[in-house]
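Residues per chain, in single letters:
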Amino acid sequence: MLGVKFMRQWPWPLRWGVRALALVMVLVLLLTAWLVWTVRKPFPTYDGRLTLPGLAGEVTVHSDSHGIPQIYADTPADLFRAQGYVTAQDRFWEMDFRRHITSGRLSELFGDATLDTDKVTRTLGWRKTAEAELALLAPETKHLLEAYAAGVNAWLKANPDTARQSLEYSVLGLQRTGYQPEEWTPADSVAWLKAMAWDLRSNIEDELGRALADTALPKERVDQLYPAYDFLRMPAIVPTGSVADGGFSGEGARSEPPARALSSVLEAIRAMPTGLGNGDSDLGSNSWVIAGSRSATGMPLLANDPHLSAQMPSVWYQAGLHCRTVTEACPYDVTGFTFAGLPGVVIGHNHRIAWGFTNLAPDVSDLYLEKVTGTTAEYKGAQEPLQVRTERIEVAGADPVELTVRVSRHGPIVSDVMDDAEKAAPSGEAVALRWTALGPGRTADAIFAMNRATDWTSFREAARLFEVPAQNLVYADVEGNIGYQAPGRIPVRTAGDGTRPVPGWDGVHEWADFIPFEELPSAFNPDSGYIVTANNAVIGTSYEHLLTQDWSYGYRAQRIDDLVRNGGKLDIAAMSRIQMDDRNGFAPILVPHLLRVGAGVKGIELLRTWDYTQPADSAPAAFFNAVWRHLLLRAFNDELPEGARPDGGDRWFEVVRTLLDKPDDPFWDDVKTTGAAERRDDIVLRALREASDELVERLGDKPGEWRWGALHTLTLTNQSFGTSGIGLVERIFNRGPVELGGGKSIVNAIGWDVQKGYEVTAVPSLRLVADLSNLDDSRYVNLTGASGHAFSDHYWDQTDLWAKGETIPWPFTATAVKEAAEHTLTLTP
């Protein structure tokens, strides 16, 4: 009361000012409370007891300090039902967003901004393929997919208010009211495998790049840009194998590619979400396994780090799935990484075996040039009807859009996607895509079979089912064995080698069959005591079948091979150090030329004592990569069309390595200058000067203070609202930037694109090391965190560890899991 009486003595303007300020403070507090409530409302329940209808018995969920769930149940149905429920708690928006991608329905959420993406997905028919795939799956697989879906739907039913499901729904409600997620279905889970197949789609971009380059340059010059794998310098995964007489099918007549139709295909590919890769050459992986003879424990160690597009949250979700008593009726005791929305574990280990993936990248797709007239296409001199269907795309805030999809005998006509199907190719130019992922397969069966496998024989039987995307599978078990298996549905062509689009009308360039699983490369307990896979060539040219002509060129594989072979007895820490190795394998080739011509260029002295490593604080790495970027832009962008220009990966290491010995090669000449024909040293010097000028402008005029990480930054971008163009929204969902080392085609494969700048585009999306001597000693780390909820403690609590090359404990046994548990949730029937 004294304060009130005192205020009454103030002049009235001051009294009203104080009252207004108090009102503003109250409003701010109320707004803050509302924001905190809105943000925290969707957070999951980690402790206590919840009812999960449909369970046969109680399920226990232990979560550690990073929010990673370890689930214990008595039956497979209960186990996977609980996995669906728990995953939905953490990541349902991501799951819902993904199924809108795979079904071509993003525009229902975001309006016409995502219409081009939906057109591509509808044309490819991912959802239709997933639905057809369900009919091929084993009854047990379908049963567990249904149990997982039931768990997701139980969570949805318990949380019908979208504001309780995820913050993204509240943001979505600002522009699109009334949206209510549909129930989850098994097809939603299976469809995501199609998205991952697209992400790891092998050589579509190489095939398209050659064809686009063919429109500007003679074939012999284009072939310079796609050198053969150098088996004398770089390793194969399986050095020797069973071969037979014969070889590749003969070349058919080469047709001139239609530039406009091919450009439309490139446009269609780029319309897809960046989280699906869009042909980034850094999408690959490292994995290797060493036998007990090379490990400090006397038992195998297995390392894996798949390289995928950087995104928020991470594409991976960590989980453990444990039958309390492992029996034939309940055989699951498995832990590792999976995808939100997909039951089971994709990469990890169970109580008997461990496994890892890298992209095998076989040539499982071909582009066919089709002579199309309306709704028919020419084939062997006759017109045959195209399959034609109409897709209706609902668009938020606008009228529905109808898309006509045409499909030839070879596949969907993807050059139609960016134009009206009736007008896209009036001259008969069209491009169809044949791709193994567009046919139904049994990869979902493979995941469950791999989770149950207990030895090399059962693991290979699971691999037999792993059809798309074809992966290099590395293996280790508790008996001390190591192995490698190449799986996948890989076509046998009647003609051609898959490197360029082929005529679809002549009946010559067809797929006769698929390589039998028994004839795919495999290795078990090799004499070397280790196996390295890094997207390099699987086997040499004497191998009977054509896998691909477009391998990664072996720089990462060779470096890992050197470190393993010469590393003595390796332990978990040593395996992790190899994963973070950042030596640039091409730098020793290029640097002598830079030093030879770069006298007087600011920054050149940094390279004289450089050890060729690329940590984030490296000044010479900053200068070298800037020079590399400008060298490629100067040497090739003047002649190559978009879609064929260099991105800076190891193919360009090999191209430039060869050109450095040809100082007068036409690629060194800048065709945009007149009255001069540039030679190698002219372009190298220009690149040096341009790089120096750029770094002075961006990082200052003291070369010793330049830092690679200041250029090479990672912004973890939410795939839905992270590029909204609204600063506040982007700050809510995105994280970073984070300064990183590593680089393209380096073991620590932190990718970037020379056409766009130095910012990070692809990353080791997870890292793991499995210790078969004691599985509880294994280590792993995710790119971000377990949670998909912005502001959750686990949204990106692993990122700093990941960036530093550190890992977290990976408890497996029931005792270790309970010791690590900070929360326990009981799910009851």
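Nothing here was measured: the structure is a model prediction, and the numbers come from that model.

Colleague: What is the right way to read the state of the cysteines from this model?
Modeller: Two cysteines whose sulfur atoms are joined by a covalent bond form what is called a disulfide. Following the criterion strictly, the structure yields one disulfide and no others. Here Cys323 connects covalently by a disulfide to Cys330, the sulfurs 2.0 Å from one another. With the S-S dihedral at roughly -80°, the linkage between Cys323 and Cys330 falls on the left-handed side. For Cys330, a relative accessible area of 2% gives the class buried.

Colleague: I would appreciate a short explanation of the packing of helix 6 (residues 126-134) against helix 9 (residues 186-199) in the present structure.
Modeller: Relative orientation and spacing of two packed helices are given, respectively, by the angle between their axes and the distance between those axes. Contact geometry of helix 6 with helix 9 gives a least axis separation of 8 Å together with a crossing angle of 125°. In terms of axis orientation, helix 6 runs oblique to helix 9. Here helix 6 runs over helix 9; the crossing is right-handed. Residue-level inspection shows Trp126, Arg127, Thr129, Ala130, Glu131, Glu133 and Leu134 of helix 6 in contact with helix 9, the latter providing Pro186, Ala187, Asp188, Val190, Ala191, Lys194, Ala195 and Trp198. Of the residues in the contact of helix 6 with helix 9, the class split is nine nonpolar, one polar and five charged.

Colleague: Can you help me understand the sheet that holds strand 6 (residues 317-323) in this one?
Modeller: Strand pairing in a sheet takes place through backbone hydrogen bonds and is either antiparallel or parallel in direction. The eleven strands lie next to each other as 1-32-2-3-6-7-8-9-18-19-23, forming an open sheet whose pairing is mixed. Each having just a single partner strand, strand 1 (48-51) and strand 23 (522-524) make up the two edges of the open sheet. Taken over all neighbouring pairs, the strand axes of this sheet differ in orientation by 15° on average, direction set aside. Alignment of strand 2 (residues 59-63) against strand 3 (residues 69-73), held across four bridges, turns out to be antiparallel. Pairing of His62 across the sheet is with Gln70, part of strand 3. Of the strands in this sheet, strand 7 (333-338), strand 8 (347-350), strand 9 (353-359) and strand 18 (471-477) are in contact with helix 13 (residues 443-452), which crosses strand 9 at around 145°.

Colleague: When you look at the packing of helix 17 (residues 587-597) against helix 18 (residues 619-636) in this model, what are you seeing that I'm missing?
Modeller: Interhelical geometry of helix 17 versus helix 18 gives an angle of 85° and a closest axis separation of 12 Å. With respect to each other, helix 17 and helix 18 are oriented roughly perpendicular. Contacts between helix 17 and helix 18 involve Ala587, Leu590, Val591 and Leu594 from the former and Phe624, Val627, Trp628 and Leu631 from the latter. Split by residue class, the contact of helix 17 with helix 18 holds eight nonpolar, no polar and no charged.

Colleague: Mind showing me how you'd approach the pattern of salt bridges here?
Modeller: Oppositely charged side chains are able to pair whenever their charged atoms sit close together. Inspection of every chain in the model, using the stated rule, returns 49 salt bridges. The salt bridge partner of Arg464 is Glu461, with a shortest N-O separation of 3.4 Å. Within this pair, Arg464 and its partner Glu461 are both found in helix 14 (residues 456-464), separated by three residues, close to a single helical turn. By relative accessible area, which is 29% here, Arg464 ends up partly exposed. A relative accessible area of 41% means that Glu461 is categorised as partly exposed. If you follow the salt bridges from partner to partner, you end up with Asp96, Arg99, Arg127, Glu131 and Asp188 in one network.

Colleague: What exactly am I supposed to notice about the environment of Gln558 here?
Modeller: Inspection of the secondary structure puts Gln558 in helix 15 (residues 555-565). You can call Gln558 buried: its relative accessible area is 19%. Expressed as a C-alpha distance, the spacing of Gln558 and Asn536, which sit 22 residues apart in the sequence, is 9.1 Å. Excluding residues that lie within four positions of it along the chain, Gln558 makes contacts with Arg233, Met234, Pro235 and Arg565.

Colleague: Would you mind going over the pairing of strand 8 with me for this structure?
Modeller: Along a regular strand, successive side chains alternate from one face of the sheet to the other. Residues Ile347 and His349 of strand 8 are buried on one face, and the alternating residues Gly348 and Asn350, pointing to the opposite face, are buried as well. When strand 7 meets strand 8, the two strands line up antiparallel, connected through four bridges. Paired with Gly336 across the two strands is Gly348, which belongs to strand 8. In sequence, strand 8 turns back onto strand 9 through a hairpin of two residues.

Colleague: How should the packing of aromatic side chains be read in this particular structure?
Modeller: Two numbers describe a pair of aromatic rings. These are the distance of the centres and the angle of the planes. By the definition in use, this model includes 35 aromatic pairs. Judged by centre distance (5.2 Å) and plane angle (75°), the ring pair of Phe357 and Phe466 falls under edge-to-face. Highlighted residues: Phe357 in strand 9 and Phe466 in the loop between helix 14 and strand 18, separated in sequence by 109 residues. For the residue pair Phe357 and Phe466, the accessibility class agrees, reading buried in each case.

The rules behind these values
Residues numbered from 1 in each chain as written. Predicted model: local features only at pLDDT ≥ 70, side-chain atom pairs only at ≥ 80, totals over all residues. Heavy atoms only, no water. Disulfide = S-S within 2.5 Å. Buried < 20%, exposed > 50% of the residue type's maximum accessible area, 1.4 Å probe, protein only. Axes fitted to C-alpha atoms, helices over the stretch in contact; angles between N-to-C directions. Helix = DSSP H or I, 4+ residues; strand = E, 2+ residues; numbered from the N terminus. Parallel < 35°, antiparallel > 145°, perpendicular 65-115°, else oblique. Left-handed = near helix turned anticlockwise from the far one by under 90°. Contact = heavy atoms within 4.5 Å. Nonpolar A, V, L, I, M, F, W, Y, C, P; charged D, E, K, R; others polar. Pairing = 2+ DSSP bridges. Salt bridge = Lys/Arg side-chain N within 4 Å of Asp/Glu carboxyl O. Phe/Tyr/Trp six-rings, centres within 6.5 Å; stacked < 30°, edge-to-face > 60°.

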